[in-house]
Amino acid sequence: MIFLTVGTQFPFDRLVQAVDEAFDNGSIDEEVFAQIGETSYRPRNFGSAARLEKRVFDNYVKQASSIIGHAGMGTITMALYNHKPLLVMPRLKRYHEVVNNHQVALAKKFSELGHILVVYNADDLPDSICRLKNFIPKERIAAPSVVADRIRRFLNSLRD
Amino acid sequence: MVRHRKEVHPLSANLLATNPPATNPKTSGYMVTTKKMKICLAASAGGHTSQLLELSESWRGSHTFWITTASALREMLSKYGQVYIAGECNREHLLRVIVVLLRCARIVFRERPDVVISTGAAVGCITCFFSKLFGAKVVWIDSITNVERISLSGRLVRPIADLFLVQWPELAKKYSNVEYLGAVI
């Protein structure tokens, strides 16, 4: 099962529609379930919900063989944490999908690091969905304790 | 203790009711190091808050309180002390910005933090400015989502920040007085 998620802040019909069309032309041979936000678009080929309770959402993530989503940090973190292959399409300001284009740079960076796959337009989606099947995401190693330690040292310097 | 902002008295009443007499740690008979530092943790709901939570080691043992944007987080954050909900705002809605601005000013005036630690966005930026005004030190960690340049909030806070951290090495090269040690998530 492929889990499609676009977050709940704004709809992202351009991506939902692209996945729907990928189904039409035979690029997807798996079941899909989608979380699509508050929108009037109704996918023809798969089930969907505007929003999902956290528990239900987590369950879809666990069951999914791969995930397709917008390039939100929440989505990227969630996929990496669960070791799921993720394909993102960044939201664009041009289409009023987001307030600025930060998702483009973020998606580019994380794909360069081998953590995710990215498409920048709907036409490239079918090809990338095929690649997603065999994509093994590179594990991300963050350093929160190093950063926390720097802050702690700063706080201690104030106490002296 | 959970306190709902709507029931709180207007600013004038707060001034009289909630400010304890000021104590100078250097003259109050305690060593400076035994006085608990009061830290304000300021972050918008979502990714900003989860990044700040990743740094919880840094403020362990200090007296903390939160300023965030959504009441849904109240329960989760309440273990770190009082949680204030300033409401959502962004640069597109000026009136909302003013409302949040006033709320943050009132909270900072009442709490008088020694330090503010923020990961953004607008609510963090506003809190940093008011806290600085009252003599607090400012620690800013720019969100991981800012890859090519520092966030708008971060660019505003940078001149008044006492410690400014970024999560991409390229940004530390691009801006002065900015440190990179690693990514939080």
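Heads up: the structure comes first, above all this text.
If you're wondering where the values come from, they're calculated on a predicted model, not measured in any experiment. (Residues numbered from 1 in each chain as written. Chains lettered and ligands numbered in written order. Predicted model: local features only at pLDDT ≥ 70, side-chain atom pairs only at ≥ 80, totals over all residues.)

Colleague: How would you sum up the overall build of chain B? Please name residues and give values.
Modeller: Broken down by element type, chain B carries 7 helices and 7 strands. Listed by position from the N terminus, the elements making up chain B come as α-β-α-β-α-β-α-β-α-β-α-β-α-β. Relative to its full complement of 185 residues, chain B shows a buried share of 40%. Contacts in chain B between residues at least 24 apart in sequence constitute 50% of all its contacts with a sequence separation of at least 6. (Helix = DSSP H or I, 4+ residues; strand = E, 2+ residues; numbered from the N terminus. Buried ≥ 20, exposed ≤ 12 C-beta atoms within 10 Å, placed from the backbone. Contact = placed C-beta atoms within 7 Å.)

Colleague: Outline the sheet that holds strand E3 (residues 47-49) of chain A, listing residues and values.
Modeller: Residues and elements named next belong to chain A. Across the sheet, which stays open at both edges, the 6 strands sit in the order E3-E2-E1-E4-E5-E6 with parallel pairing between neighbours. Bordering the open sheet on either side are E3 and strand E6 (117-118), each of which pairs with just one other strand. Of the strand pairs in this sheet, strand E1 (residues 2-5) and strand E2 (residues 32-35) are connected by 4 bridges, and their pairing is parallel. By the bridge assignment, Ile2 is partnered in E2 with Val32. The sheet contacts of helix H5 (residues 125-132) involve strand E4 (66-70), strand E5 (86-89) and E6, and relative to E5 the element is tilted by about 160 degrees. (Pairing = 2+ DSSP bridges. Axes fitted to C-alpha atoms, helices over the stretch in contact; angles between N-to-C directions.)

Colleague: Can you explain the pairing of E4(A)? Please cite residues and give values.
Modeller: All names here are of chain A. A large share of E4 lies buried, amounting to 5 of its 5 residues. Where E1 meets E4, 4 bridges bridge the pair, whose relative direction is parallel. Considered in E4, the bridge of Phe3 is made with Ile67. With 4 bridges joining them, E4 and E5 adopt parallel strand pairing.

Colleague: Residue-level account of the interface of chain A and chain B, with values.
Modeller: Between chain A and chain B, the residue contacts involve 22 residues of the former and 28 residues of the latter. Of all the secondary-structure elements, those providing two or more residues to the side of chain A that touches chain B are helix H3 (73-81), helix H4 (102-112) and helix H6 (144-159) of chain A. A per-element tally of the side of chain A that touches chain B places H6(A) first, with 12 residues. Partitioning the side of chain A that touches chain B into residue classes produces 14 nonpolar, 4 polar and 4 charged. (Nonpolar A, V, L, I, M, F, W, Y, C, P; charged D, E, K, R; others polar.)

Colleague: If you had to explain the environment of Asp114(B) to someone new, which residues and values would you point to?
Modeller: Residues and elements named next belong to chain B. Structurally, the position occupied by Asp114 is in the loop between helix H4 (94-111) and strand E4 (115-120). Given 21 C-beta atoms within 10 Å, Asp114 falls into the buried group. For the pair formed by Asp114 and His63, sequence separation is 51 residues and the distance between their alpha carbons is 9.9 Å. Setting aside residues up to four positions removed in sequence, Asp114 forms contacts with Met37, Lys38, Ile39, Ala136 and Lys137.

Colleague: Would you mind going over H4(A) in detail, with residue names and values included?
Modeller: Residue and element names in this part refer to chain A. Listed in full, the buried residues belonging to H4 are His102, Gln103, Leu106, Ala107, Lys109 and Phe110. Around the axis of H4, the buried residues are gathered within 165 degrees of arc, so they sit on the same side. For H4, the secondary structure elements touched by its buried residues are E4, H3, E5 and E6. Residue Gly114 follows H4 closely and has a positive phi angle near 80 degrees. (Arc of directions from axis to C-beta.)

Colleague: Hey, could you go over the packing of H4(B) against helix H5 (residues 122-133) of chain B for me, with residue numbers and the actual values?
Modeller: Residue and element names in this part refer to chain B. Contact geometry for H4 and H5: axes closest at 9 Å, N-to-C directions at 45 degrees. Taken together, the axis directions place H4 and H5 in an arrangement best described as oblique. Taken as a pair, H4 and H5 cross one another with a handedness that is right-handed. From H4, Val97, Val100, Leu101, Cys104, Ala105 and Val108 reach across to H5, where they touch Ala122, Val123, Ile126, Thr127, Phe130 and Ser131. Classifying every residue of the contact of H4 with H5 by side-chain character gives 10 nonpolar, 2 polar and no charged. (Parallel < 35°, antiparallel > 145°, perpendicular 65-115°, else oblique. Left-handed = near helix turned anticlockwise from the far one by under 90°.)

Colleague: Lay out the sheet that holds strand E3 (residues 83-85) of chain B in plain terms, naming residues and giving numbers.
Modeller: Residues and elements named next belong to chain B. The sheet built from 7 strands is open, its strands ordered E3-E2-E1-E4-E5-E6-E7 with parallel pairing. In this open sheet, the two edge strands, each paired with only one partner strand, are E3 and strand E7 (179-180). Summarising the sheet, strand E5 (residues 137-141) and strand E6 (residues 163-166) pair through 3 bridges and their orientation is parallel. Within E6, the position partnered with Val139 by the bridge is Leu163. Together, strand E1 (38-43), strand E2 (63-68) and E3 form the strand contacts of H4, whose direction differs from that of E2 by roughly 170 degrees.

Colleague: Break down the nonpolar core for me, with residues and values.
Modeller: With 83 residues, the main nonpolar core has Val19(A), Ile67(B), Cys104(B), Val116(B), Ile117(B) and Val123(B) as its most contacted residues. Ranked by residue count, the leading element in this core is H5(B), at 6 residues. Once residues lying within four places of it in the same chain are set aside, the contact partners of Ile117(B) are Ile151(A), Ile39(B), Leu41(B), Leu52(B), Trp59(B) and Val139(B). (Core = buried A, V, L, I, M, F, W, Y, C linked by C-beta atoms within 7 Å.)

Colleague: Please give an account of the packing of helix H1 (residues 13-24) of chain A against H5(A) that cites residues and values.
Modeller: Residues and elements named next belong to chain A. Where H1 meets H5, the closest approach of the two axes is 9 Å, and the angle between their N-to-C directions is 75 degrees. Classed by the angle they form, the pair H1 and H5 counts as roughly perpendicular. Residues Ala18, Val19 and Ala22 of H1 lie in contact with H5, whose contacting residues are Leu125, Pro126 and Ile129.

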